[in-house]
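Each chain, written out:
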Amino acid sequence: MKRKVIIDCDPGIDDSLALMLALSMEELEVAGITVVCGNSPVDMGVSNAKKVLDFMGRLDVPVFAGAKTPLKREYVNALDTHGSDGLGESFLPEIPGYEQTLTATSFMAETIKKGSCSVIALGPLTNLATLYQEDPQAFGQIEEIVSMGGSFRSHGNCSPVAEYNYWADPDGAALVYEAMESLGKTISMVGLDVTRKIVLTPDLLEYMKRLDPHTGEFVEKITKFYFDFHWQQEHLIGCVINDPLAVAYFADRSLCGGFEAYTQVERGGVSMGQTVVDSTNFYRRSPNALVLTQTYPLKFFRLFFSRLLGMAEEDLDLLPVLLKGVVS
Ligand code: BDR
Ligand code: CA
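Surrounding ligand 1, one finds Asp14, Asp15, Asn39, His82, Leu122, Met148, Asn157, Glu163, Tyr164, Asn165, Asn242 and Asp243. A distance of 2.8 Å separates an oxygen atom of ligand 1 from a polar side-chain atom of Asn39. Side-chain polar atom of Asn165 to an oxygen atom of ligand 1: 3.0 Å apart, as the coordinates give it. Every element with two or more residues in the shell around ligand 1 is listed here: α1 (13-24) and α7 (164-168).

Coordination of the calcium ion (ligand 2) by the protein involves Asp10 (OD), Asp15 (OD), Asp15 (OD), Leu122 (O) and Asp243 (OD), with metal-donor separations of 2.3 to 2.6 Å. Site description for the calcium ion (ligand 2): donor spacing in sequence, D-x4-D-x106-L-x120-D. Here the residue Leu122 occupies a position in the loop between β4 (117-121) and α5 (126-134), and Asp243 occupies one in helix α12 (residues 243-251), the gap between them amounting to 121 residues. Residues Leu122 and Asp243 agree in their burial class; the two are buried.

What follows concerns unusual backbone geometry. Residue Gly12 is reached from Pro11 by a cis peptide bond, and omega for that bond is -5°. Among the secondary structure elements, Gly12 is positioned in the loop between β1 (3-9) and α1. Residues other than glycine seldom take positive phi values, yet Ser116 does so here, at roughly 50°. Counting through the fold element by element, Ser116 comes out in the loop between α4 (104-113) and β4. The backbone of His235 shows a phi angle near 55°, a positive value even though the residue is not glycine. The topology assignment puts His235 in the loop between α11 (213-234) and β8 (239-240).

Remark: α1 packs on α12, axes separated minimally by 7 Å, with the N-to-C direction vectors making an angle of 25°. The angle between α1 and α12 falls in the class roughly parallel. Between α1 and α12, the contacting residues are Asp14, Asp15, Leu17, Ala18, Leu21 and Ala22 on the first element and Asp243, Pro244, Val247 and Ala248 on the second. A per-class count over the contact of α1 with α12 returns seven nonpolar, no polar and three charged.

Read across the sheet, nine strands follow the order β3-β2-β1-β4-β5-β6-β11-β9-β10 without closing on themselves; strand pairing throughout is mixed. Strands with a single pairing partner mark the edges of an open sheet, and in this sheet they are β3 (63-65) and β10 (275-278). The sheet shows a mean angle of 30° between the axes of neighbouring strands, direction not considered. In the sheet, strand β9 (residues 256-265) pairs with strand β11 (residues 289-295) via six bridges, with the strands oriented antiparallel. Following the sheet pairing, Cys256 is matched in β11 by Thr295. The strands that helix α2 (residues 42-56) touches are β2 (28-35) and β3; relative to β3, the one it contacts most, it runs at about 175°.

Definitions and limits used
- Note on numbering: residues in each chain are counted from 1, in written sequence order.
- Lettering for chains starts from A, numbering for ligands starts from 1, and both go in the order in which the items are written.
- Given that this is a predicted model, residues contribute local features only at a pLDDT of at least 70 and side-chain atom pairs are listed and counted only at 80 or more, while totals for whole chains, interfaces and linings are drawn from all residues.
- The basis for every side-chain value is the complete set of non-hydrogen atoms in the structure, without hydrogens or water.
- We call a residue near a molecule or strand as soon as one heavy atom of that residue lies within 4 Å of the molecule or strand.
- Two N or O atoms count as a polar contact when they lie within 3.5 Å, although within protein this holds only if one can serve as hydrogen donor and the other as acceptor, and sequence-adjacent residues are included solely when both atoms are side-chain atoms.
- Counting from the N terminus, the helices are the DSSP runs of H or I reaching at least four residues and the strands are the DSSP runs of E reaching at least two.
- Coordination shells were defined by N, O and S atoms within 2.8 Å of each metal, extended to 3.2 Å for Na, K and Ca; water is absent from the atom set, which can make sites look incomplete.
- For every residue, the accessible area obtained with a 1.4 Å probe (protein chains only) is divided by the maximum for its type, and the residue is called buried under 20%, exposed over 50%, and partly exposed between those limits.
- The axes used here are C-alpha line fits, helices contributing only the stretch in contact, and every angle between their N-to-C directions lies in the interval 0 to 180 degrees.
- Each angle receives one of four descriptions, namely roughly parallel if under 35 degrees, roughly antiparallel if over 145, roughly perpendicular if within 65 to 115, and oblique otherwise.
- The contact rule is simple, with two residues in contact once any of their heavy atoms fall within 4.5 Å.
- Only Asp, Glu, Lys and Arg are considered charged, only Ala, Val, Leu, Ile, Met, Phe, Trp, Tyr, Cys and Pro nonpolar, and every remaining residue, Gly among them, polar.
- Whether two strands pair comes down to DSSP finding at least two bridges between them.

Okay, here's the thing in structure tokens:
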């Protein structure tokens, strides 16, 4: 049976890859895309989501604009990482129209209240935090929340300890984690411990282009800037594609493993945005997070390629060869 999801995102290069994956998965019914300020300002995020939908031939999926600023702190975009258009300086043509009158949170509340709807959050948690403030009942009815954000043992990407999505809106993230505790539920934290292992290399991209030039060239167009950024910042030949792992994990639990723990997001100071994971149960508080620490890149790329390219996993015979030595 298809599971209904709202994808809350800030496209963004890896968000766009995640959207492509979600739209290619028969296990998922994407009810709508809600956009939050993050990598790109919200209007640019909306326009990028439409560009991806257009490429996928899925402009029937509605896109809703959400928060323009974080809950409390000033907004800091990540266009240095994602390019001046938020989509790797691909400068794809704008897709006019398809405007929605509902706000992101009204759409979320309306859809969630109809029942059996989950949220995959790929950006800062401002929209979800706002939903909790505006309509806690709807928030409480969300079937499951999977969030790309935070980290446990891995270092940060915005400070020594903080990952971008939670660093960009620490108050929003903290509020969502607190809300989960009060509801006695857990949020799945797909953090840097696992996403850092998902590296799209030039070899993998070349393979994708050989198998399906149309999709491969689109992916190349939007990731080129990201490859250059990773080379300059991290001395890495390839790019870490964080967000598609959250989508993949939502559909297939065997892609990541971890443990449940009480987790708190730091709201300020030198560790702003850090996820403090009580892995040894110091505080004796109920777990509000499922902290994912293991993942299997070959398994992930089998799913990613097969769904994006519409191929059988068995036919992707070069993947194990191309991934050898890339990650442990
Ligand atoms: C996260 O921040 C953004 O740059 C990416 O889209 C991803 O969601 C990684 O820290
Ligand atoms: Ca993102």
